[in-house]
Amino acid sequence: SSSFASMRDGSLLPIRALASSSAPPRSRLAGRSVMEGIVRTPRKVPGVDLHAVRGAQAYMPNDNVAEILKGLKLDRTFFAERIRPEALQLLAPEAPSDALAKTLAAEKSGRDAQKDSIRRTRRKLTVMNVVPTKVADFDIYLNQAVMPVLAQALDALCRQVARMRGHDGHLYDPEVLARFNPLTWLGQQLLRTHPRCARTPRRAALYRTFKDWADWEKGRRELLRRRDEISRVFNGFMLRGVVSNQTVPSVLVAIDDTLCLEGALKNSEEIKAALRGDFSFTRDPQLSARKQSSQEGLYFEEFWYRLGTAIMRHDIVRYSLILRGEARRKEAEAELAEWKSKQALAEAERQAEDAEKRRLTSQYGTLHERLSADETIRSILEDGKILTGDDVREGDVGFEHEAPPSGPHVKLLAEFLSLLGLVKDGGDDKAGEDDQVVRTPCASRGGTILRPSTKAHSHSKPSESKDANYWDDHLAKAWGVLQRIHHAELVDGVVDGDTLKQVLVPPVGFNMLKAKVEYELERQQEGGKHDSDDEKEALRLPKQTKPTKEQLCRQLGMTMTRLDWLHKLFESYLLPDSDDPNAAPPCCLYPECPASLKKEQMRALIGEVEPNLSNAAFDARFARIDKDRSGLVEFDEFATWVHSSDVRVTGAAGVQKMTFEELAARYEEPLELIEYLHSMFEDQLPDGVEDCYPEEPVGLPKMEAFYLASLIIPGLNKKEFEESFDFVDTSSRQKGYCDFDEFIELLDLEKLPAELRQRYSEN
């Protein structure tokens, strides 16, 4: 009975309704004064019928959640009926008509089918992207966040009004009924039942369920919006314009890996059945009776219809999973950008080293000519004289076998040792730290002492010795390093004919000699060990290791599934052993033991991937990829070829152009050469037109491009140029024009003039 207040007329009023009323403060005070009057007045209060109180409490339960949820039926049907159907209608895949399939089969093949697929994809996306994504999915947000709360509040309001107007209306104070405002009551109810404030398990479970349904529905729409990305993955598996039925599962795996969906797509049984053409899971008689194509492969339109139909009719991927995939892709892109930055720094260091090597080789070439022309050096090589540094005068013993200890020949040898890094320009040597005579180990004997020259004793300062061009102790110790490298019988710093012949290598072998010197100096600093086996192993040229498949995927931006598919395709064109008919089928154990294809095999293989590639374009690209002129192509080179084709084909679909640095890396040419060619390309444009490549490229007409290419490569064959131009023009941004990257594709950079190549060449 404490839940009710007795009024003066003997009626009962719920205290909860009185306390929760939205009356003004004055009315509330009046209510409190009435209550206080009831308590303080000593008059007699009529008795309370306990059975009537219990009956009244039965009509006024404290928790109506069960009744509200039961009456509303807030289930998946309730959610689906309030989703805006226009959003899915715009994204729904269209069934390929029989006429379209016949046209694609009869008229389109290879690159043409791939171009048409890309063009239809762009046209479809133009329609799909009219409405921004956030606005297009606003109905899902309303169903998730507003609809369950609002439906409960409206139901509760209706129940409250029914009670107030029904047989329970006499339990309410007339003043309370008079000032009742349904909008105010509804607003308070919305605040009390908001998901952030709801603490009851039933309401919390309801809101979680609506959130899950919204996650599935938004994931469905988002996956259908990824048609462009899915199309690019599909085109990567095309052979002669179609994807074979056996390759379709690999395409599905590649799509899942590309979008980072954690197997939600590739492990879906509904998706697998739909891609096989089995629509029985939809329970749609029209789809189940749909006649399937008898072709050995799928065009993208048929593939997309099957995939999209399964996506629309089943919960395949959550939107939260797509967002996690996007986050992982961004992380991978950041790691790739960091890796590319490190590669660019390493490439810059390599180019600097190559430039330094070219400079030293050029200097050595001039020095080699001077050494070969010097009479004293020739006498050491041909007449058996030696340079000890001793000041032997005429009449002394052995004078006829001694070369003068000073003179131009000593200066030439000092320059030679300086180029090798054995002595510094200031005259200090790197072979030893002190200026005294040291005992140096010998390769075949116990040891020997470098003999100081007479003049070396008479001159105490190294600078004076250098000015006088004497063969002193510094130069002798440096020469001893060369004797040790060439395993001389005696390491004594004496220049004899045998060692000099081994040391004066042709200019092409200077860098190898310098590498041996650097290794010997490092070995001495580490302790001076003399293990001949280790020494031979260290002096061996570093082996060129192939990048692993994981590294290839990262460099080329491919999924492992597609790379494995390309590897199987590569292996299928390997020739069996003609000498042994019973031998096992050939295989490519890349990267440990990579196999290779000959030019004709490569032509047949590329004919599957790029059937419309002309012979001239194939020969030009094969010559570019076959750097060692062996006529063989290994798997990583084939994958790079396919990747370059992907960049050119998808370039028309809005993919960003390659930068100058990326072009230089792709064609393995100096960046300065690429920039020089771009300056010539820009000069060929009309006056006032500026090529802001790669952000805003400007195309060059076909005839202007041929004129410029003829200037760069004299004697250019016009027929071959036109064939190459027609091939590039199939995927060009503007028909009849070529951008700078496409112009580079037209050039055979191996035929650049010698003076231009010498100016920008890299070794």
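Summary of the structure given here. Just so you know, these numbers come straight off a predicted model, no measurement behind them. Numbering of residues begins from 1 in every chain and follows the order in which that chain's sequence is written. The predicted nature of this model means local features are confined to residues of pLDDT at least 70 and side-chain atom pairs, given and counted, to a pLDDT of 80 or more, with totals for whole chains, interfaces and linings taken over all residues. To get the side-chain values, all heavy atoms of the structure are used, and hydrogens and water are removed first.

**Notes on the overall build of the protein**
Link 1 in the chain: Regarding its fold elements, the protein presents 38 helices and ten strands.
Link 2 in the chain: Buried positions account for 42% of the 763 residues belonging to the protein.
Link 3 in the chain: Note on areas: these come from Shrake-Rupley sampling with a 1.4 Å probe, and a residue is covered only by the protein chains present in the view. Put simply, the protein shows about 42200 Å² of open surface, and 52% of that area lies on carbon and sulfur atoms. Secondary structure elements are defined from DSSP: runs of H or I of at least 4 residues count as helices, runs of E of at least 2 residues count as strands, and each element is numbered from the N terminus. Only protein chains enter the accessibility calculation, which uses a 1.4 Å probe; a residue whose area is less than 20% of its type maximum is buried, one above 50% is exposed, and one in between is partly exposed.

**Some thoughts on the packing of helix α28 (residues 549–556) against helix α29 (residues 560–571)**
Link 1 in the chain: Axis definition: a line fitted to C-alpha atoms, limited for helices to the stretch in contact. Angles are taken between N-to-C directions and run from 0 to 180 degrees. For the pair α28 and α29, interaxial distance at closest approach is 10 Å and the crossing angle is 115°. Classified by the interaxial angle, the pair formed by α28 and α29 is roughly perpendicular. When you trace α28 past α29, the crossing you get is right-handed. Two secondary-structure elements touch here, α28 through Lys549, Glu550, Leu552 and Cys553 and α29 through Met560, Leu563, Asp564 and His567.
Link 2 in the chain: Throughout, the ten residues Ala, Val, Leu, Ile, Met, Phe, Trp, Tyr, Cys and Pro are labelled nonpolar, Asp, Glu, Lys and Arg are labelled charged, and all others, Gly among them, are labelled polar. For the contact of α28 with α29, the per-class residue count stands at four nonpolar, one polar and three charged. When describing relative orientation, an angle under 35 degrees is termed roughly parallel and one over 145 degrees roughly antiparallel, while 65 to 115 degrees is termed roughly perpendicular and anything else oblique. By convention, the crossing between two helices is left-handed when the near helix turns anticlockwise from the far helix through less than a right angle, and right-handed when the turn is clockwise. Any two residues whose heavy atoms approach within 4.5 Å at even a single point are treated as in contact.

**Let's talk about helix α26 (residues 510–525)**
Link 1 in the chain: Multiply 1.5 Å by the residue count of a helix minus one, and that product is the helix's expected span. Between its first and last C-alpha atoms α26 spans 23 Å; for 16 residues at 1.5 Å apiece the expected length is 22 Å, and the two agree.
Link 2 in the chain: What α26 keeps buried is the set Phe510, Leu513, Lys514, Val517, Glu520, Leu521 and Arg523.

**Describing the pattern of salt bridges**
Link 1 in the chain: The term salt bridge refers to a pairing of a side-chain nitrogen on Lys or Arg with a carboxyl oxygen on Asp or Glu at a separation within 4 Å. Applying the stated criterion across every chain yields a total of 35 salt bridges.
Link 2 in the chain: Of the charged contacts, one joins glutamate 217 and arginine 220 as a salt bridge, the two residues approaching to 3.3 Å between their closest N and O atoms. With a gap of three residues between them, glutamate 217 and arginine 220 both fall in helix α13 (residues 201–225), about one helical turn apart.
Link 3 in the chain: On the basis of relative accessible area, glutamate 217 is assigned to the buried category, the value being 8%.
Link 4 in the chain: Taking the relative accessible area as the measure of exposure, arginine 220 reaches 6% and is therefore buried.
Link 5 in the chain: Aspartate 257 is the salt-bridge partner of lysine 266, the closest N and O atoms lying 3.6 Å from each other.

**Looking at a negative patch on the surface**
Link 1 in the chain: Residues Glu661, Glu662, Glu672 and Glu675 make up a contiguous surface patch of negative charge.
Link 2 in the chain: Of all the secondary structure elements, the ones that give two or more residues to the negative patch are α33 (660–667) and α34 (671–683).
Link 3 in the chain: Relative to the elements of secondary structure, glutamate 675 occurs in helix α34. Like-charged residues are merged into a patch within 9 Å and nonpolar side chains (Val, Leu, Ile, Met, Phe, Trp, Tyr) within 5 Å, provided each residue has over 30% relative accessible area and no salt bridge. Note on charges: Lys and Arg go in the positive column, Asp and Glu in the negative column, and His and the chain ends are not counted at all. A charged residue contributes its charge at one atom only: NZ of Lys, CZ of Arg, CG of Asp or CD of Glu.

**With respect to the side chain of glutamine 160**
Link 1 in the chain: In this fold, glutamine 160 is placed in helix α10 (residues 138–165).
Link 2 in the chain: In terms of polar contacts, glutamine 160 uses its side chain to reach the side chain of arginine 163, at 2.7 Å.
Link 3 in the chain: Glutamine 160 has contacts with Tyr172, Phe180 and Trp185, leaving out every residue within four places of it along the chain. Contacts described as polar in this section are N or O atom pairs within 3.5 Å, which, within protein, must combine one atom able to donate a hydrogen with one able to accept it, while residues neighboring in sequence count only if both atoms come from side chains.

**Some remarks on the environment of arginine 484**
Link 1 in the chain: Locating arginine 484 in the fold gives a position in helix α24 (residues 473–485).
Link 2 in the chain: Using a relative accessible area of 8% as the deciding quantity, one classes arginine 484 as buried.
Link 3 in the chain: Spatially, the C-alpha atom of arginine 484 lies 8.5 Å from that of glutamate 520, the residues being 36 residues apart in sequence.

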